[in-house]
Amino acid sequence: MAYVAPGETSLVPPAEVAEVDLYHAKSWITKYVFSQDAKVIAIQYAFTAIAIGLVALVLSWLMRLQLGFPDTFSIIEPSQYYQFITMHGMIMVIYLLTALFLGGFGNYLIPLMVGARDMVFPFVNMVSYWVYLLAVLVLIASFFVPGGPTGAGWTLYPPQSITAGTPGSEGGIVLMLVSLALFIVGFTMGGLNYVVTVLQARTRGMSLMRMPLTVWGIFIATILALLAFPALFVGAVMMTLDKLLGTSFFMPAMISLGEQLEYDGGNPLLFQHLFWFFGHPEVYIVALPAFGIVSDLISVHARRNIFGYRMMVWALVAIGALSFIVWAHHMYVSGMNPWFGFFFATTTLIIAIPTALKVYNWTLTLWKGNIQLTVPMLFAIGFIVTFLNGGITGLFLGNVVVDVPLSDTMFVVAHFHMVMGVAPLMVIFGAIYHWYPLITGRMYDEALGQIHFWVTFVGAYTIFLPIHYLGFLGVPRRYFEMGDTSFIPESAATLNAFVTVVALIVGFAQLVFFYNMARSYTKGKIAGRNPWKANSLEWQTEEFPPGHGNFGATLPLVYRWPYSYGVPGVAEDYLPQNVPPDEVVTDEGPGASGA
Amino acid sequence: MVVVYALILVAVGTVAFHIFSPWWSTEIASNWGYIDTTIDITFWVTGVVFIAVMLFMAYCVWRYRYKAGRRAAYEPENTKMELWLTGLTTVGVIVMLTPGLFVWNDFVTVPEGAAEFEVMGQQWQWSYRFPGKDGVLGTTDVRKISDENPFGLNPDDPNGKDDVLVEGDELHLPLDQPVKVLLRSIDVLHDFYVPEFRAKMDLVPGQVTYFWFTPIRTGTFDILCFELCGVGHHTMRGKVVIEEESAYKAWLEKQPTFAKSMAKAGTGGGDGLKLVSSGGEAVTAGGESAR
């Protein structure tokens, strides 16, 4: 007798509408360059995001060299240092993480996982990528305008972002704002696609509560992004008007380096509210896809059903909803009405509850599993560790009084790098290794993957753990150099030098990853169909790797949830979503049970 | 097995680092010891969870490591366990949040009898203003700022005549006297922070922000700007001297009042402001003002 799980019933509803014929590319250009195939668009997004991410990596080395060896690198000037930190932050958060999770993984996985042939609006999807590419090019262009890119910090707080005394306050900031606006336009086109595809294009039998958590995570994150990015968009437009036309949305009457400016009556805090109304959901726009993907990695490689699927789904929804009422925890000491602190501290700590439950359920999925320590699983474990650590330090910063001494210290830097830098990158690496055979048809090199994991995980933890303690000491973030400060001991400089050396090693270790990916593409072992013995639909395509249209002549029908691992009575330890009940091979033979 | 050892090492190593780290909060010099207590409570609650999850994960990776032919337990849900975990987490959150909110209530409630003084921030230096004998600070206006009147005090406001102005000097404050710090910026955002005091607040142009504290030990402490304010941000430093009431009074006596400084500056009408870069660091960006 097979155990029937929640969401695991055999009913497949009848087709309500006939299938629409898919767009077919006619030339090489329309197939691989101006492609409307979500899988090609996904690869384009991923390559662009990773390329610009490498720029951010180099920028982080430059700033670490300055912090680690402040007197050695006289070529780095304060204005450049502030430009490095600004561009590093902005690129990592928006142009790498958001684009890679939603544009990259979203495009590749949503249609395959819900059993659709493509996104519902393929042309709009294509335009989405090209507008994103344009946004990236405008961002890169800002490095080459007079004055260089903006050095206002990734938060771009006015007035300083558009006044003299800040690097790039002439051309750089304008290109930054234009690039952000373009990014949001491009994202909106992609985002509408992801949401409508999930809601409208699921194959028969794929109820919402049978979707893999990867799709749930990307789906909720996309809804957040569609609601949050407009706040940044209007903020960017208003700041551009302040800069170019002399409006005063964010600009009060003020002096700039000894000169009276004509602005009057604006409020800098208004920008901060707009920025963080976007900025806090943004954290979850990056985190929720990571939550979803890591759930699937853990389940597949532990050969066990995800623990508490329904709780996991509702936790995603709850976190997504709560993420819109916590934004001002970034502003406890901003000068806003201090009484807001009570409300935002409470909502912020409440959001910890569904988040903690997700961590428990990941570890409980390992519990009683049959854990294969493959490279994706290693990265998933690395994610749990770094996310646990980073989530915990979030409880410090969310609890308003604790934030008072810690805000704008290196503790904040360490916290957000751990929780939304290292942790999501762990998932990205795990996911790339996991789906590499699906995308290329070949396996990566296991040994190189293991080396990559250990250096990256141990190195990143070693970098960011001690930085928290510099924050307790009172070392501020965004300082070009500490100079002579009475409360900072000599040992802090030694620590900074150590961190810089580790950061360089971890950075260079990424070459192992790129080498592995490139070499395995032609030299890797041919992966058989469904090498991980996974249940979700992307591994069940007729053609492997999946071709144009994803599935063969007919779309798959879905009979159960994607987490039927180790179902008692079933012969194999997995049971794909699309195997009809009467074809399930049980211990007694084929088709003997109604699983 | 390497993973099991690594997880245990990370758990134990993190705690060991926490205990033996030479980098920790500076010795406190204000009344905000409750903030440190809240940090300690948070460390205990989250530390227990961190160790528990890490060791449980290490146990799982060891106990349920892959064996050919073994089957995972098929257990989609365990409502009872999930409710228990939700409940325990909620208790942990309440334990951390409750003291935090009480301390925050103290933080936003300025006590009766707190002495007021003003910190004025500009790129990239600190200035201070004390109310004179009348105990009232005069009104200010950014538009009135000039070479002769760098604080932008309103010359027609009688309350401002006796205001004591401290420019380019250390800040002195009396021991054990609660102070309400009024914060004003004439250009961009800044943040006034002395790590030993634990309390900070942004300076926002166009409005006056505040926080309060009571110095509890004498000494000289570093003031740092804690909100990115342009290319000279890291040079925006100052010093605050906490001393006995009598020494403070003597120091305050020596500082000029607004009336005196205006008299000294003469009656020159002031023909606008020169471009000054006061932070010491080169102003490499822009060169010209925004407009």
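All figures in this text were calculated on a predicted structure; none of them were measured in a lab.

Definitions and cut-offs
Residues numbered from 1 in each chain as written. Chains lettered and ligands numbered in written order. Predicted model: local features only at pLDDT ≥ 70, side-chain atom pairs only at ≥ 80, totals over all residues. Helix = DSSP H or I, 4+ residues; strand = E, 2+ residues; numbered from the N terminus. Rg over C-alpha atoms; globule rule 2.2 N^0.38 Å. Buried ≥ 20, exposed ≤ 12 C-beta atoms within 10 Å, placed from the backbone. Contact = placed C-beta atoms within 7 Å. Expected span 1.5 Å × (residues − 1). Arc of directions from axis to C-beta. Axes fitted to C-alpha atoms, helices over the stretch in contact; angles between N-to-C directions. Parallel < 35°, antiparallel > 145°, perpendicular 65-115°, else oblique. Nonpolar A, V, L, I, M, F, W, Y, C, P; charged D, E, K, R; others polar. Pairing = 2+ DSSP bridges. Bend = angle between axes of the 7 residues up to and from the residue. Domains from an automatic or database assignment.

Enquirer: Would you explain the overall build of chain A in this entry?
Expert: Check the secondary structure of chain A and you find 14 helices and 4 strands. Relative to the compact-globule value of 25 Å for 595 residues, chain A shows a C-alpha radius of gyration of 25 Å, a close match. Burial status across chain A gives 63% buried among its 595 residues.

Enquirer: Could you clarify how one ought to interpret the overall build of chain B in this entry?
Expert: Looking only at helices and strands, chain B has 6 helices and 10 strands in total. Along the first, second and third principal axes, the C-alpha set of chain B runs to 95 × 45 × 35 Å. Relative to its full complement of 291 residues, chain B shows a buried share of 39%. At a minimum sequence separation of 6, the contacts of chain B that also span at least 24 residues come to 71%.

Enquirer: It is not clear to me how helix H1 (residues 2-20) of chain B should be interpreted in this structure. Could you clarify?
Expert: Residues that lie three or four places apart on an α-helix share one face, since the helix turns once every 3.6 residues. With 19 residues, H1 of chain B extends 25 Å from end C-alpha to end C-alpha; this agrees with the ideal 27 Å at 1.5 Å per step. Within H1 of chain B, burial applies to Val3, Ala6, Leu7 and Val10 of chain B. Angular distribution of buried residues about the axis of H1 of chain B spans 100°; they occupy a single face of the element. For H1 of chain B, the exposed residues lying more than 90 degrees away from the buried face are Tyr5, Ala16, Ile19 and Phe20 of chain B. For H1 of chain B, the elements touching its buried residues are helix H10 (375-398) and helix H13 (446-473) of chain A together with helix H2 (33-63) of chain B.

Enquirer: Please clarify how the packing of helix H7 (residues 268-301) of chain A against helix H8 (residues 309-322) of chain A should be interpreted in this entry.
Expert: What describes two packed helices is the angle between their axes and the distance between those same axes. Residue and element names in this part refer to chain A. Contact geometry of H7 with H8 gives a least axis separation of 11 Å together with a crossing angle of 175°. Relative to H8, the element H7 is oriented roughly antiparallel. On H8, the residues touching Tyr284, Leu288, Phe291 and Ser295 of H7 are Met312, Leu316, Ile319 and Gly320. Broken down by class, the residue content of the contact of H7 with H8 amounts to 6 nonpolar, 2 polar and no charged.

Enquirer: Explain the packing of helix H2 (residues 38-68) of chain A against helix H4 (residues 122-141) of chain A here, please?
Expert: All names here are of chain A. Where H2 contacts H4, the axes come no closer than 10 Å and their chain directions differ by 10°. Here H2 lies roughly parallel to H4, going by the angle between them. Residues Ala38, Ile41, Gln44, Tyr45, Thr48 and Ile52 of H2 lie in contact with H4, whose contacting residues are Asn125, Met126, Tyr129, Tyr132, Leu133 and Val136. Of the residues in the contact of H2 with H4, the class split is 9 nonpolar, 3 polar and no charged.

Enquirer: So what exactly am I meant to see when it comes to the sheet that holds strand S4 (residues 171-174) of chain B here?
Expert: Either a parallel or an antiparallel arrangement is found when strands of a sheet pair, and the pairing is made through backbone hydrogen bonds. All names here are of chain B. Spatially, 5 strands are ordered S4-S10-S9-S6-S7 in an open sheet, and the strand pairing comes out mixed. The open sheet has two free edges, formed respectively by S4 and strand S7 (200-203), since each of these has just one partner strand. Averaged over all pairs of adjacent strands, the angle between strand axes in this sheet comes to 25°, irrespective of strand direction. Pairing of strand S9 (residues 219-225) with strand S10 (residues 237-243), which is carried by 6 bridges, proceeds in the antiparallel orientation. Paired with Asp222 across the two strands is Lys239, which belongs to S10. Along the sheet, helix H5 (residues 245-254) contacts S4 and S10; its crossing angle with S4, the most-contacted strand, is approximately 140°.

Enquirer: So what exactly am I meant to see when it comes to helix H3 (residues 78-114) of chain A here?
Expert: All names here are of chain A. Look at H3: 50 Å from first C-alpha to last across 37 residues, which is about the 54 Å you get at 1.5 Å a residue. Largest kink in H3: about 50°, centred on Gly106. Counting buried residues in H3 gives 36 out of 37 residues, a clear majority hidden from the surface. Immediately downstream of H3, the backbone of Gly115 shows phi near 80°, a positive value.

Enquirer: I'm lost on the interface of chain B and chain A in this one. Help?
Expert: How big an interface is tends to be expressed through the accessible area that disappears when the partners come together. On the chain A side, the residues contacting the 92 residues of chain B number 108 residues. Taken together, the elements giving at least two residues each to the side of chain B that touches chain A come down to H1, H2, helix H3 (79-108), S7 and S9 of chain B. Here the side of chain B that touches chain A is built from residues that sort into 50 nonpolar, 23 polar and 19 charged.

Enquirer: Please explain the environment of Trp24 of chain B as it appears in this structure.
Expert: In this fold, Trp24 of chain B is placed in the loop between H1 and H2. Since 10 C-beta atoms lie within 10 Å of it, Trp24 of chain B is described here as exposed. Once you skip the residues sitting within four places of it in the chain, Trp24 of chain B turns out to touch Tyr469, Phe472 and Leu473 of chain A.

Enquirer: Would you take a moment to explain the domain arrangement of chain A for this structure?
Expert: Residues and elements named next belong to chain A. You can read the domains of chain A as domain 1 (31-203) and domain 2 (547-595). Distance between the C-alpha centres of domain 1 and domain 2: 40 Å. Counting from both sides, the interface comprises 6 residues of domain 1 and, opposite them, 8 residues of domain 2. Split into classes, the residues belonging to the side of domain 1 that touches domain 2 amount to 2 nonpolar, 2 polar and 2 charged.

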